Amino acid sequence: MQLDTLRTLAAQAADTRILDLFAQDPDRAQRFSASTGDLLFDYSKTLIDADIRAALIDLCDQAGLAERRDAMFRGDKINETEGRAVLHTALRNLDGGPVEVDGQDVMPDVLDTLQRMRVFAEEVRGGTAQGAGGSFTDVVNIGIGGSDLGPVMATLALAPYHDGPRLHYVSNVDGAHIADTLRELDPTRTLVIVASKTFTTIETMTNARTARAWMLDGGGDPGRQFAAVSSAVDKTEDFGIPSDRVFGFADWVGGRYSVWGPVGLPVMIAVGSNAFDAFLRGGQAMDVHFRAADWAENMPVILALVGIWHRQVLGHASRAVLPYDQRLLRLPAYFQQLEMESNGKSVAMDGSALSVPSGPVVWGEPGTNGQHAFYQLIHQGTDVIPCEFMVAAEGHEPELAHHHRLLLANCLAQSEALMRGRSLEEARARMAEKGLQGDELERQARHRVFPGNRPSTTLIFPQLTPFVLGQIIALYEHRVFVEGVLLGINSFDQWGVELGKELATSLGPIVDSDAGTEGKDGSTAALVSYALRHRG
């Protein structure tokens, strides 16, 4: 990535204050925002000006972004290290025409699976599909990683539309997770969905076998009360799950991009097929925008370029995602996986070492809770942390509209405070008003200085609907793709998760029984010894 021009511009902007940019351009908010549909993305509270934006956009052409984007949608195998296409977009291509992989149109299978999901979801919701004790009151989804975090996030986000059975999610192999989840459920009226593409994921299958034993012990019928999201039909049959309750997806859908298809089955059961279709159409609408809009008006591209500016040019190693919506509780974690598993790389496509930093640390919590936790560091800490705010203009509870107005005011106030700050002179004046003088006034004033000039963006939308949620998720997916193209990396493999899995497999027999720790380092051997001594 050629950043020389941008680094020069960054050096020239080192003493610039964001507030001054607004003073110089009364229309800055309009000039430095992008919109599609009813979504508005405001990046005017950053140091990006017209010259910087132009230089950032030049990166897109230098990297061949248009060609890479078209190759992805076309079904080319852009996941080069695994030899796979990248076509999660096909899962939401409800009426966009054929998509070919190896010369074969994948859309008939995609749409057939989607229709099978609709039928099954409505049978569960309507009581046609039943357990040994009657209609289903609860659904437990067992998965991990993308097979868990996506549907968890979406189920919480779409709570106002949730009119189906209660949803529960189990991911951690820690027995506490499944024990706490199953404890209050009726094993004769609970549906269990096992989500594992290969049906071999050790955490998922361990939990699945525990759930099956629980169901049998409680008088349930696993043959009627289990479904699977998997492409390993032979293994699901061996487990006892009927083939008509197995929903598969191809290897061109990565786990962290999979909520649009069968992995989203529990979401469809919760909110119904119509709401789930609206979610898909929101994602599809963002796909259309991403493919058609000029770079300067293209929301995923602009979002990505803001990220490149902050991470690769200015060197800010962290990024906070701050949704002002309690129902988006798991969205920062979802984006954390999406970004860090995709772009947490150190080598380029050709295997050469990256010459610039890769993706940032992504983290966050909903507002206003975060204000009483970590905003202190964001406002007055020594590191600059770019913040990405997200808020709806309207909530779902009209009788609690005053709550939402306060929420919105807090969101807008935080971004303004980060930009504006408070000078030492202003802090001194405040302390003088309190009657302080001399050294004590000076000491207290310095504790109340806010450096300001800290960048943030805001994504605002009318209301968090299934369609809008689809737009937001697809927006960030494409943002990650664009950043990966500009960095020259493969955003669609995740070899970094493999080594720990391999070592866990080798350690399993050792911690299960004292099989000896030959070949292990001293620390690991000592820890195994401690665990064996203290195990009941």
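Just above, that's the structure.
Parameters and conventions
Residues numbered from 1 in each chain as written. Predicted model: local features only at pLDDT ≥ 70, side-chain atom pairs only at ≥ 80, totals over all residues. Heavy atoms only, no water. Core = buried A, V, L, I, M, F, W, Y, C linked by side-chain atoms within 4.5 Å. Buried < 20%, exposed > 50% of the residue type's maximum accessible area, 1.4 Å probe, protein only. Contact = heavy atoms within 4.5 Å. Phe/Tyr/Trp six-rings, centres within 6.5 Å; stacked < 30°, edge-to-face > 60°. Helix = DSSP H or I, 4+ residues; strand = E, 2+ residues; numbered from the N terminus. Pairing = 2+ DSSP bridges. Axes fitted to C-alpha atoms, helices over the stretch in contact; angles between N-to-C directions. Parallel < 35°, antiparallel > 145°, perpendicular 65-115°, else oblique. Left-handed = near helix turned anticlockwise from the far one by under 90°. Nonpolar A, V, L, I, M, F, W, Y, C, P; charged D, E, K, R; others polar.

S.K.: Could you give me a rundown of the nonpolar core, with the residues and numbers involved?
M.R.: Core analysis: the biggest nonpolar cluster contains 118 residues, and Trp 252, Phe 335 and Leu 469 have the highest contact counts within it. Aside from chain neighbours lying at most four places away, what touches Trp 252 is Ala 85, Val 86, Leu 87, His 88, Ala 90, Leu 91, Val 101, Val 106 and Val 110. Core analysis: the next-biggest nonpolar cluster, separate from the first, contains 20 residues, Ile 142, Val 192, Trp 214 and Phe 226 among them.

S.K.: Tell me about the packing of aromatic side chains, residues and numbers included.
M.R.: In total, this model carries 16 aromatic pairs according to the counting rule given. Between Phe 73 and Phe 290, the ring centres sit 6.4 Å apart and the planes meet at 50 degrees, which makes this aromatic pair tilted. Taken together, the positions of Phe 73 in helix H5 (residues 65–74) and Phe 290 in helix H13 (residues 273–292) put the pair 217 residues apart, joining distant regions of the chain. Residue classification places Phe 290 among the buried positions, given a relative accessible area of 0%. Taking 5.5 Å as the distance between ring centres and 50 degrees as the angle between the ring planes, the aromatic pair formed by Tyr 257 and Phe 492 counts as tilted. Linking Tyr 257 in the loop between strand S11 (246–247) and helix H12 (265–271) with Phe 492 in the loop between helix H20 (466–487) and helix H21 (498–512), this pair joins segments that are 235 residues apart in sequence. Classification of Phe 492 as buried rests on a relative accessible area of 10%.

S.K.: Give a description of the sheet that holds strand S12 (residues 318–323) that names residues and reports values.
M.R.: The sheet built from six strands is open, its strands ordered S1-S2-S15-S14-S12-S13 with mixed pairing. Unpaired on one side and paired on the other, strand S1 (33–36) and strand S13 (361–363) mark the two borders of the sheet. Strand after strand, the sheet turns through a mean of 15 degrees between neighbouring axes, direction not considered. Sheet strands touched by helix H15 (residues 331–343): S12, S13 and strand S14 (387–392). Its angle to S13, the strand with the most contacts, is close to 160 degrees. Each of S14 and strand S15 (456–461) touches helix H17 (residues 401–420); the most contacted strand, S14, lies at about 155 degrees to it.

S.K.: Could you give an account of the environment of Ala 296, naming the residues involved and the relevant values?
M.R.: Mapped onto the secondary structure, Ala 296 falls in the loop between H13 and helix H14 (299–313). Residues Ala 296 and Gln 225, 71 residues apart in the sequence, show an inter-C-alpha distance of 51 Å.

S.K.: I'd love a proper account of the packing of H15 against H20, names of residues and values included.
M.R.: At a minimum axis distance of 10 Å, the contact between H15 and H20 shows a crossing angle of 25 degrees. The orientation of H15 with respect to H20, classified from their angle, is roughly parallel. Handedness of the crossing formed by H15 with H20: right-handed. Between H15, through Leu 331, Tyr 334, Phe 335, Leu 338, Glu 339, Ser 342 and Asn 343, and H20, the contact on the second element is made entirely by Ile 472, Ile 473, Tyr 476, Glu 477, Arg 479, Val 480, Glu 483 and Gly 484. Classifying every residue of the contact of H15 with H20 by side-chain character gives eight nonpolar, three polar and four charged.

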